[in-house]
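Coordinates in review
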Amino acid sequence: MNADGRPVSAPPLLDLLGASFVFNIAVQALAWDGTDACCGLANGTIAILRTSWTGAPGIVPRENGGIQIKAADIPPPPPHIIQAHRAPIVALARGAMGGILSAGADGKLLRLVDGQISEIASHPRKAISHVAAGRGMACAMAAGRQVDIIGADARRVVIGAKIHALAFDRAGFNLAIGHEEGVTLVTAGVSRTRLYETTGMVGRPTWSADGTSLAWITKQGAIALVRPAQESSPTLLRTEESAAVMAFTADGHLVAATGKTLLGWLAGRDQPPVKLTARPGAITNLASHPSQPIMAIGDESGEISLCQPGVPGRLVIRDQGSPILHLAYAPAGEALAFAAADHEAGFVALPDLLFRTGNRP
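Just so it is clear, the model here is predicted, and its values are computed rather than measured.

A closer look at the sheet that holds strand 18 (residues 182-187)
- Strand order in this open sheet of four strands is 16-17-18-19, and the pairing throughout is antiparallel. Edge positions in the open sheet fall to strand 16 (163-168) and strand 19 (194-197), since each of these has one partner strand only. Strand-to-strand twist in this sheet, taken as the mean axis angle between neighbours without regard to direction, amounts to 20°.
- Pairing between strand 16 and strand 17 (residues 174-179): five bridges, direction antiparallel. If you follow A167 over to strand 17, its bridge partner there is A176.

A word on the pairing of strand 4 (residues 45-50)
- Counting buried residues along strand 4, five of its six residues qualify, which places the element largely inside the surrounding structure.
- Pairing of strand 3 (residues 36-41) with strand 4, which is carried by five bridges, proceeds in the antiparallel orientation. Pairing of C39 across the sheet is with A47, part of strand 4.
- What sits between the antiparallel neighbours strand 3 and strand 4 is a turn of three residues, in which G44 has the positive phi angle 90°.
- As paired elements, strand 4 and strand 7 (residues 80-83) share four bridges and run antiparallel to each other. Among the inter-strand pairings, I46 is bridged to a residue of strand 7, identified as I82.

A word on the packing of aromatic side chains
- Taken as a whole, this structure holds two aromatic pairs when the rule is applied.
- Here the aromatic rings of W53 and F347 are separated by 6.4 Å at their centres, their planes lie at 75°, and the arrangement is edge-to-face. Of this pair, W53 sits in the loop between strand 4 and strand 5 (58-61) while F347 sits in strand 34 (residues 344-349), and the two are 294 residues apart along the sequence. Here W53 matches F347 in class, with each residue buried.
- When the centroid spacing of 6.1 Å and the interplanar angle of 40° are considered together, the rings of Y196 and W216 count as tilted. In this pair, Y196 sits in strand 19 while W216 sits in strand 21 (residues 214-217), placing the two residues 20 residues apart along the sequence. Just as Y196 is buried, W216 falls in that class too.

Conventions used here
Residues numbered from 1 in each chain as written. Predicted model: local features only at pLDDT ≥ 70, side-chain atom pairs only at ≥ 80, totals over all residues. Heavy atoms only, no water. Pairing = 2+ DSSP bridges. Helix = DSSP H or I, 4+ residues; strand = E, 2+ residues; numbered from the N terminus. Axes fitted to C-alpha atoms, helices over the stretch in contact; angles between N-to-C directions. Buried < 20%, exposed > 50% of the residue type's maximum accessible area, 1.4 Å probe, protein only. Phe/Tyr/Trp six-rings, centres within 6.5 Å; stacked < 30°, edge-to-face > 60°.

Here is the structure:
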């Protein structure tokens, strides 16, 4: 407490276990390459944030139980900048075999591995709008109204509507193409595509971790949910307010944000959504930990926090500031990266020990 008896709140975790940098140009996309967070910038460069360095802060056990934070011995290294495109970067994706894919408004799809850039494809008269990584070295890119799948099961899919997003399931076999008419599903080794027709879609189609469920937000603000193994039409989950963003938790629950409220549908249960938490600002981003039932939440107030849906309390990662545009967990959940509207981008380490002490958010 302060001398006057007022409680002192703990500083955000970013101040203790992370670092951030402010660029002079907008951060357009965010993806992880191993332990490095990669930011795609509006000038065509990729800024690589090294999240691990000699003398980095960390969490260590206390002798008498519990944990304590070990402060950094030296500051983090500055971002490593790589010139990739001659136009703004529009999308990044983490490759299944390492490296990242970078799509640019110059019509080029590039692969960055260990600082070396190679060109995968080029559309000289079209900007690549979306990219997604499949199994192995396979990937998919959207340009105009066509989607090219490159590598294993190479093919071209022409969509009769504007494309909004691409999303492979975790296994990399099923590709969801979100567009103005709904979602088209492309399955490796199957020539027939499947159209789930709704009132269009917004955001990005989202797969459950086990690949059994696919969900997206329709233009009317409802959530469409399908199970591709079943030959059925989408189930529409409606809320009092339009859904803005959504995600599946690692244990299969569906979570969606409507304004400042986070709602949840329990996996396998046919019941109305449960109100999970309220936020200081409208929720702009959700990210699911890859193996634990923990959500990262960013909002227009600039705050980022971690919570476990249905469990009281939250762990503040970043204080209020500029609205959060991007959130992404590292491949194993050992860190969280973010980018904000004021061109700030950073990361915070989330050691596994943090979630083994009974202090889980």
